Amino acid sequence: MDFNVEIIKNALPLLLAGAGITIEISAISVGLGLAIGCLVSIIRLTQFRLLRYLGNVYVDFIRGTPLLVQIFLVYFALPAIIGQRVDAFFAAISACSINSGAYVAEIFRGGIQSIDKGQMEAGRSLGMSWWQTMRYIILPQAFKRIIPPLGNEFIAMLKDSSLVSVIGFEELTRRGQLIIARTYASFEIWLAVALIYLLMTFVVARLTGVLERRFDTSK
Amino acid sequence: MKNDFIKITGLRKCFGDLEVLKGIDLNVAEQEVVVIIGPSGSGKSTLLRCINYLEEPSGGEVVVDGIPLNGEAHINEVRKEIGMVFQRFNLFPHMTVLENLILAPMKVRGLHKDEAKKLALELLDKVGLAEKADSYPESLSGGQQQRVAIARALCMKPKAMLFDEPTSALDPEMINEVLDVMRSLAKDGMTMVVVTHEMGFAREVGDRVLFVDGGHILEEGTPEEVFNHPKEERTQNFLSKIL
């Protein structure tokens, strides 16, 4: 079998641009997912039964259905409801953020619940409100503990975002498919795509490690 | 006759089917030191925790400083006035000792940072830990942590203090440094309710000793009465085991 390095070289600029888009969509999704997840996890810890119930439904639905199906729902089913086409970028971002939000909510909940309940009691017994105690005592401690699982979530999102290629959104995987359609060099291109994903996830894993250590020494 | 600072009538508390407190009546006067003793599982910690509503009573009434404790709105008002010290210290591990002390006075009392710091340093000095202001809790010994916890509670300038087995998690050689701080507080006229197994402390510092068993106050009186002439058989039994 011939291994054509030239093809990879020629395809590289296009693939790297695609990788940029993969990073962009993952970062935006995890960023929005963080906001959603933080909100949902706090809602699920409050006393408001209806909100708590809705939060649980959201998390269960998202975690219990494939991301691919969620992307289809936003891209194909949503237009049928609102009577208007949905832009691929919008569909990709919203599906991925809503998905990420559910996982982040679980990460937050785990982080918050891992904090000894004596901390809440100490805060409350000093006269601070539930929210003040949450904000100044529980959350700062929880944040430190959830850095590693959040890093994992970002890595998972980098890889799972490849699924938005099915709606024609041109991130790294889709770029690879398009180049192969033109060159038939599937081995070279898929190998290059795989290595680019590996490089991205490797860098994120290392960054997470650095962040973890920094938070650990400064307390 | 001094005013009653804490008035408890007919207090009941259930956890599911288990009734832990079965109707407690207790008044604590201003500047009085009440010591609660009794076997584990007797409900003495629960009683203490009902006073500042860390446990919600299932029945009865708790009135603190004239404020009846029956809704969220009053709870924070009352908690501001009652400091609590826990068995396991519950210091905030992500903050320095000083930050532990000034947080609530700033957020709840609205003290300026400089005032709060000044007050905190005075109190740290009082518990003998002024030089530890910038340390993190994990670098302190158990006895030091508990003294910081007491200073943290005092920083809110409470009118009363609750102690929930404050020396039970300590190594024996550290118990006295904590008891000394509590002794000096009592001498300064602080109203205190103390759940403890330290009978020497109860005898020496307590104005009144309560023996709680099975969710009731079985016996109460001066330390002299309860320790030297217990009337109830269960009190005699309990004391014979631990003295």
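Residues numbered from 1 in each chain as written. Chains lettered and ligands numbered in written order. Predicted model: local features only at pLDDT ≥ 70, side-chain atom pairs only at ≥ 80, totals over all residues. Heavy atoms only, no water.

Draft legend 1. Broad picture of the overall build of chain B. Within chain B one finds 9 helices and 10 strands. Relative to its length of 243 residues, chain B is compact, with a C-alpha radius of gyration of 18 Å against a globular reference of 18 Å. Evaluated residue by residue, chain B yields a buried proportion of 56% over its 243 residues. Roughly 10500 Å² of accessible area belongs to chain B as shown, and the carbon and sulfur atoms make up 45% of that amount. One finds the centroid of the 28 positive side-chain charges in chain B at a distance of 3 Å from the centroid of its 38 negative side-chain charges. (Helix = DSSP H or I, 4+ residues; strand = E, 2+ residues; numbered from the N terminus. Rg over C-alpha atoms; globule rule 2.2 N^0.38 Å. Buried < 20%, exposed > 50% of the residue type's maximum accessible area, 1.4 Å probe, protein only. Areas by Shrake-Rupley, 256 points an atom, 1.4 Å probe, with all protein chains shown as cover. Lys, Arg positive; Asp, Glu negative; His and termini not counted. Charge placed at Lys NZ, Arg CZ, Asp CG, Glu CD.)

Draft legend 2. Structural detail: the environment of Ile-8 of chain B. Residues and elements named next belong to chain B. Position of Ile-8 among the secondary structure elements: in strand β1 (residues 4-15). Using a relative accessible area of 0% as the deciding quantity, one classes Ile-8 as buried. Remark: the alpha-carbon pair of Ile-8 and Leu-103, spanning 95 residues in sequence, is separated by 30 Å. Aside from chain neighbours lying at most four places away, what touches Ile-8 is Ile-24, Asp-25, Leu-26, Asn-27, Leu-47, Ile-51, Glu-61 and Val-62. (Contact = heavy atoms within 4.5 Å.)

Draft legend 3. Broad picture of the nonpolar core. Ranked by internal contacts, the top residues of the largest apolar core, which has 50 residues, are Ile-37, Ile-150, Met-161, Phe-163, Met-182 and Met-192 of chain B. Broken down by element, the residue count for this core peaks at 8 residues, all from helix α6 (residues 172-187) of chain B. Those residues within four positions of Met-161 of chain B in sequence are excluded, and the remaining contacts are Gly-83, Val-85, Ile-150, Ala-153, Leu-154, Leu-185, Met-190, Thr-191, Met-192 and Val-193 of chain B. Among the nonpolar cores identified, the runner-up in size contains 48 residues, and Ile-115 and Leu-126 of chain A together with Leu-26 and Leu-162 of chain B belong to it. (Core = buried A, V, L, I, M, F, W, Y, C linked by side-chain atoms within 4.5 Å.)

Draft legend 4. Just the sheet that holds β1 of chain B, in detail. Residue and element names in this part refer to chain B. The strand order across the open sheet formed by 4 strands is β2-β1-β4-β5, and the pairing between neighbours is antiparallel. Bordering the open sheet on either side are β2 (18-29) and β5 (67-68), each of which pairs with just one other strand. Taken together, the 5 bridges between β1 and strand β4 (residues 59-64) define a ladder with antiparallel strand orientation. Across the sheet, Arg-12 pairs through a bridge with Gly-59, a residue of β4. Where helix α1 (residues 44-51) meets the sheet, its contacts fall on β1, β2 and β4, and the angle it forms with β1 comes to roughly 120 degrees. (Pairing = 2+ DSSP bridges. Axes fitted to C-alpha atoms, helices over the stretch in contact; angles between N-to-C directions.)

Draft legend 5. Just the pairing of strand β10 (residues 216-221) of chain B, in detail. As paired strands, strand β9 (residues 208-213) of chain B and β10 of chain B are joined by 5 bridges and run antiparallel to one another. Considered in β10 of chain B, the bridge of Val-212 of chain B is made with Ile-217 of chain B.

Draft legend 6. Layout of unusual backbone geometry. All names here are of chain B. A positive phi angle, close to 55 degrees, is found at Asp-65, a residue other than glycine. For Asp-65, the position within the fold is in the loop between β4 and β5. Non-glycine residue Lys-157 carries a positive phi angle of around 50 degrees. Along the chain, Lys-157 turns up in the loop between α5 (142-154) and β7 (160-164).

Draft legend 7. Region of interest: the confidence of the model for chain B. This prediction gives chain B a mean pLDDT of 93; 98% of its residues lie at or above 70. Predicted complex metrics record ipTM = 0.92 and pTM = 0.84. (pLDDT = per-residue confidence, 0-100.)

Draft legend 8. How the structure looks around the sheet that holds strand β6 (residues 82-85) of chain B. Residue and element names in this part refer to chain B. Spatial ordering of the open sheet is given by β6-β7-β8-β3-β9-β10, a layout of 6 strands whose pairing is mixed. Two strands close off the open sheet at either side, each with one partner strand: β6 and β10. The sheet shows a mean angle of 15 degrees between the axes of neighbouring strands, direction not considered. In this fold α5 packs onto β6 and β7, with an angle of close to 170 degrees to the strand it touches most, β6.

Draft legend 9. Broad picture of the side chain of Arg-79 of chain B. Checked against the element boundaries, Arg-79 of chain B lands in helix α2 (residues 72-81). Accessibility expressed as a relative area gives 5% for Arg-79 of chain B, which makes it buried. Polar contacts involving the side chain of Arg-79 of chain B include one to the main-chain carbonyl oxygen of Asn-52 of chain B, which spans 2.9 Å. Aside from chain neighbours lying at most four places away, what touches Arg-79 of chain B is Arg-124, Ser-125, Leu-126 and Gly-127 of chain A together with Asn-52, Tyr-53 and Leu-54 of chain B. (Polar contact = N/O pair within 3.5 Å; in protein donor to acceptor, adjacent residues only side chain to side chain.)

Draft legend 10. Representation of the interface of chain A and chain B within the structure. Tallying the contact residues gives 19 residues for chain A and 25 residues for chain B. Together, the buried faces of chain A and chain B total about 1900 Å²; carbon and sulfur atoms form 58% of this surface. If you look at where chain A meets chain B, you find 1 salt bridge. Among the salt bridges present, the one from Arg-49 of chain B reaches Glu-121 of chain A, with a minimum N-O distance of 2.6 Å. Among the secondary structure elements, those contributing two or more residues to the side of chain A that touches chain B are α5 (117-125) and α6 (130-160) of chain A. In terms of residue count, the dominant contributor to the side of chain A that touches chain B is α5 of chain A (7 residues). (Buried area = accessible area lost by both parts, 1.4 Å probe. Salt bridge = Lys/Arg side-chain N within 4 Å of Asp/Glu carboxyl O.)

Draft legend 11. Representation of the packing of aromatic side chains within the structure. Under the definition given, this model contains 6 aromatic pairs over all chains. Between Phe-108 of chain A and Phe-143 of chain A, the aromatic rings sit 5.7 Å apart at their centres with planes inclined by 85 degrees, giving edge-to-face as the arrangement. Taken together, the residues Phe-108 of chain A in helix α4 (residues 88-113) and Phe-143 of chain A in helix α6 connect sequence positions 35 residues apart. Ring centres of Phe-211 of chain B and Phe-238 of chain B lie 5.2 Å apart, and the angle between their planes is 45 degrees; this geometry places the pair in the tilted category. Here Phe-211 of chain B, found in strand β9, pairs with Phe-238 of chain B, found in helix α9 (residues 233-242); they are 27 residues apart in sequence, far enough to count as distant. In this structure Phe-238 of chain B comes out as buried when scored by relative accessible area, which is 10%. In textbook terms, an aromatic cluster arises when at least three aromatic residues are bridged by ring pairs, as seen for Phe-72, Tyr-75 and Phe-76 of chain A. (Phe/Tyr/Trp six-rings, centres within 6.5 Å; stacked < 30°, edge-to-face > 60°.)

Draft legend 12. A look at helix α2 (residues 49-64) of chain A. Residues and elements named next belong to chain A. For α2, which comprises 16 residues, the first-to-last C-alpha distance of 22 Å matches the rise-based estimate of 22 Å (1.5 Å per residue) to within 8%. Along α2, the residues classified as buried are Gly-55, Tyr-58, Val-59 and Ile-62. Projected onto a plane normal to the axis of α2, the buried residues spread over an arc of 90 degrees and lie on a single side. α2 presents Arg-49, Leu-50, Tyr-53, Asp-60 and Gly-64 as exposed residues on the side facing more than 90 degrees away from its buried surface. (Expected span 1.5 Å × (residues − 1). Arc of directions from axis to C-beta.)

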